[in-house]
Amino acid sequence: MSDTRDYKTTLNLPKTAFPMKANLAQAEPATLARWQKQGVSAAITASRVNAPKFVFHDGPPYANGSIHVGHLLNKVLKDLVVRSAIMEGRGCHYVPGWDCHGLPIEHRVMTGLVESGKAAKLETLSDEHRRMAIRRECAAYAAKFIKTQAAQMQRLLTLADYENPYFTMQPEYEAGTLEVFAGLLEKGYVFRQLKPVHWSIANRTALAEAELEYEDRVDPSIYVDFEAADTSKVDSAFGVECDCKPSFMIWTTTPWTLPANLAIAVHPRHKYALVEMDGALTIVAAEMLDKVAAVVGATAVSKKAEALGSALVGLEYRHPFCDRTSRIVAAEYVTMEDGTGLVHTAPGHGDDDYRTGLREGLEIYCPVRDDGTFDETAPKWLQGKVVWDGNALVIEHLRTSGHLVHALQFTHSYPHDWRSRTPVIFRATEQWFIGVDRPAGSGASANSAANTGATTSTSLRAMALEAVSKTVKFFPEWGRNRLRGMLESRPDWCISRQRSWGLPIPAFRQADGSVFMTAASVRAIADCVKSKGSDAWFTLAPTELLAAYDASKDPDAPKSLDIASLAKMHDIFDVWFEAGSSWHSVMRQRGVGFPSALYLEGSDQHRGWFQLSLLPALGVTGKPPFDALVTHGFLVDKDGRKMSKSLGNALEVDTLLKDYGAEVARWWVSGVAYDGDIRIDLDYFKVAGDSYRKVRNTLRFLLSNLFDAPAWSDEEVRALALGAPPESLVGWLMGELAQLEAEARAGYAAYDFRKVHLAIFNFCNETLSAIFCAAAKDRLYCDAANSPRRRTTQAAASVTMEVLCRLLAPILPHTAEEAWTALRGENAPVLFTQTHYGVKANRDARWTDVMIACAGVSKAIEVAKTTGIDNPLDAAVIIPDPHGTLAPFLPELADLCGVSQVTLDRSATSVVVRDLRQDGGAGRCDRSWRRDGTVRVRSDGGALSDRDALAVGV
RNA sequence: GCGCCAGUAGCUCAGCUGGCUAGAGCACACCGCUGAUAACGGUGAGGUCGAAGGUUCGAGUCCUUUCUGGCGCACCA
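Described in the following lines is the structure provided in the data block.

Thresholds, definitions, all that
Residues numbered from 1 in each chain as written. Chains lettered and ligands numbered in written order. Predicted model: local features only at pLDDT ≥ 70, side-chain atom pairs only at ≥ 80, totals over all residues. Heavy atoms only, no water. Near = heavy atom within 4 Å. Polar contact = N/O pair within 3.5 Å; in protein donor to acceptor, adjacent residues only side chain to side chain. Helix = DSSP H or I, 4+ residues; strand = E, 2+ residues; numbered from the N terminus. Nonpolar A, V, L, I, M, F, W, Y, C, P; charged D, E, K, R; others polar. Pairing = 2+ DSSP bridges. Contact = heavy atoms within 4.5 Å. Axes fitted to C-alpha atoms, helices over the stretch in contact; angles between N-to-C directions. Expected span 1.5 Å × (residues − 1). Buried < 20%, exposed > 50% of the residue type's maximum accessible area, 1.4 Å probe, protein only. Right-handed = clockwise from strand over helix to strand, strands pointing away.

## Some points on the protein's contact with RNA strand B
Part 1 of the argument: The full set close to RNA strand B counts 45 residues, and Val343, Asp352, Arg700, Arg754 and Lys777 are the nearest of them.
Part 2 of the argument: In the environment of RNA strand B, a sugar or linking oxygen lies 3.4 Å from a nitrogen or oxygen atom belonging to the side chain of arginine 607.
Part 3 of the argument: Interatomic distance of 2.8 Å between a backbone N/O atom of arginine 927 and a base nitrogen of RNA strand B.
Part 4 of the argument: Of all the secondary structure elements, the ones that give two or more residues to the surface near RNA strand B are helix H15 (478–489), helix H24 (682–704), helix H27 (753–782) and helix H30 (847–865).
Part 5 of the argument: For the surface near RNA strand B, the element with the most residues is H27, which contributes nine residues.
Part 6 of the argument: Residues belonging to the surface near RNA strand B are distributed by class as follows: 18 nonpolar, nine polar and 18 charged.

Right under this line is the structure:
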């Protein structure tokens, strides 16, 4: 036994400093620090100065809280794009961004101020000072989380210009947003119109959904008869003839909105009944009849006729106390759960009603002032009264006039102002819109609200649909339909918000009450904001804000403009408008490039960033801001349920990084099928960790066998490895390697990272570990160190490493670089300054049969194990080779099959396994443990094969 | 309620325009190696392709309905 062990020192056993254990949680931060210290990012940029650009643009996450696994997925996918573009030799200046404005932050800050008692103090300040105080708090809040998130994103090893990120609250960014707005204004897409919003009477302000609290409230619930205007038309709709006048019975819990009633909505496909109820002829939904009769306490009910809602559409009725006639309209949202099936419709007091009103061309009428009192357009007996008192007055009036069928008290959940805890109302207010159906050129200032449609230019919607159908590429393809569907049905874009934390819409009110805002005035203010930030709107006077504005050069300027008497208005932009301007505020303004090759976001952004970037860009430039859209699905838990804190199934990014490291997370992301739902669970990270280790170990094996490789030049290794005969093991490997490189690069180019991941894994697992490494071991360990066969094999290992490091780099930047350094030495150039290796080799189709033959041998050996063979090296096999196709590969077959001897037999029909330990077998070489038939006792007393004797020199 | 997407072995996924006994990796079981060793190699057992109808000589693949889950929208007057 001792003599066999002696030979171990004569073997070329592998050696490497590349550790088996990655220790990622510790090693990654160290790598990160080193990259920063060495200016790796700058080196990469420098290496791509003259390279063709890949323009890629980051959609801004919201600067709130820590990053979650959704961010991890999104940011890593984006990094795969960035890094793979760089490895293809492209320059990619990737600017990370954050969305800073908006209600979620303002809401949190306000909550904080209320809790700390500072809110009361704010109330004592003037409007502008209060707004500024809130804005300062919000800005600090956003800045804090940008810092947190930027550090977390860098910890994911993402490559981006973190030195110069973009924030939507940066002055230059804000100015860019205003420029985009000016462009839309100039083209006539912007207009001002009434729209109902949640309105707090106590605070005289609009509220967002998030600022509402639902509490129970007791309201009157009333049933009201609206008299038909033309009896005969009703008769013909129902196909009957009656003498008395019918009424349409509606139900409402907000009697005070009745003055604004401009329509009654019915469901077109539900049946309505004409009934005589206690002597009065009335119309209610057929299926609501019993319920209604019971509620109003009708004693004598008889149904006269029925008709579909659609038959009623167009019938007219007289308003019970306003002097006007309105008509019946159809609406899909009418339900048969409460009320009468006929819905009181006041376009100025409800969102549905508003939409219906727009569709039907009704006035968005709202006779309620911001203090909650009725204005002079309301009936005299209501004017000046608060809406809550209006309820009783309306009921009393209806009772007196005989229109009230029934009234009762009704408890329901009703929205309240979260701060004043008072009930809110729905009230139409003037809002800014971007019209999606207005043709361009329909007016250059906000004052020309009338849409004449006199031009032939196409609308934003038409342009967007055109782009989505024809120009833009989608990965996956179904995104096209999705975006198209949304664009087809989207309403005009309401871009104004009544908040403090945001970019002001720079509109002024003139002394006569009209609004002043033109493309030129907005551009002048953009100039001001560029240097002073949007706070300037709150701190400067109109004359200062408009310092760069020259009315005499503005064709849209109103005739008698008096800048000194202007009053600033207080709407801010919808944050989506800001984010949707980033193609200009970042990509054009910074000269990064326009349009972008790609936007990559979650599928929710079809409604969000994708669409709301597309519209402004088309409006201003006529071009989409992106050539292609990549969409990923959402993360769900292993049972397919969505992740949420309340379900307790959310994974913490920090935990993942600590337990697995960023690279395992990146490896996992790269392997995921990201269209559709993505299941995520710690178990999957364990799996990803296992396969990461498999790849790592394979790299380690190759590296460890290069410990004594000569210092070849690039040309020398290429020549050595790629010049190997196609029938040799190395020749085969080079063919496989070329195939891998092509496949992986194609995968990266198509954003099909999973394909890359699988190709690399299968290559490491199968091609290398199971086949090449196993077969090459013997020659690497036992051949004379300098034998041509061993050197060629080493050259192949070296080339394989060169290729693998590059292919892995986008996914595993840390590990790839670690391996690259182990391969090239400490002075190796930065991996990301390299480009793909370019393996010039072809697969030889004859190898397919060889591999099938080897698989046959494995099976035969497995059978032989049941009858005595333990170690395949004790076996010799005879392989059938009926057509002689295997013959050229004979020298490699023993190593490939892991046996000691192979012979080919044209007449054999199945693999024959012979145990070489038996009589007539072959002796075992003390050094290589093989029985190749040349083993005999040598001069040093050991039993060695010819090859080993030569290697040892005996 | 509407639009889009997904549902194939325990898990993650391939299966293109319909056509050989439905594939891969992981996990699992068993075996081997002990000179990649908290590594490595081999073999094997796992599926009524979410369900029900239909078209067809033939369907995981096409059509209809349905169930489950995800994203978005709408609804709650």
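Here the narrative resumes.
## As for the sheet that holds strand S16 (residues 425–434)
Part 1 of the argument: Spatial ordering of the open sheet is given by S5-S4-S16-S18, a layout of four strands whose pairing is antiparallel. In this open sheet, the two strands that pair with only one neighbour each are strand S5 (205–207) and strand S18 (493–494).
Part 2 of the argument: Of the pairings in the sheet, the one linking strand S4 (residues 190–200) to S5 comprises three bridges and is antiparallel in character. Looking across to S5, one finds that histidine 198 is bridged to leucine 207.
Part 3 of the argument: Each of S4 and S16 touches helix H12 (residues 351–360); the most contacted strand, S4, lies at about 155° to it.

## With respect to helix H29 (residues 813–824)
Part 1 of the argument: Taking 1.5 Å per residue as the helical rise, H29 with its 12 residues ought to reach 16 Å, and the 16 Å between its terminal C-alpha atoms agrees with that figure.
Part 2 of the argument: The buried fraction of H29 amounts to nine of the 12 residues, a majority that puts the element mostly inside the structure.
Part 3 of the argument: Turning to H29, its buried residues are Pro813, His814, Thr815, Ala816, Glu817, Ala819, Trp820, Thr821 and Leu823.
Part 4 of the argument: Where H29 is buried, its residues contact helix H2 (24–38), helix H4 (69–87), helix H23 (662–671), H24 and helix H28 (788–808).

## Looking at the pairing of strand S28 (residues 875–880)
Part 1 of the argument: In terms of residue burial, S28 counts as a mostly covered element, since five of its six residues are buried.
Part 2 of the argument: The pairing of S28 with strand S29 (residues 901–905) spans five bridges and is classified as parallel. Across the sheet, residue alanine 876 finds its bridge partner in S29, namely glutamine 901.
Part 3 of the argument: Crossover S28 to S29 through helix H31 (residues 890–897) is right-handed.

Nothing here speaks to function; it is geometry throughout.
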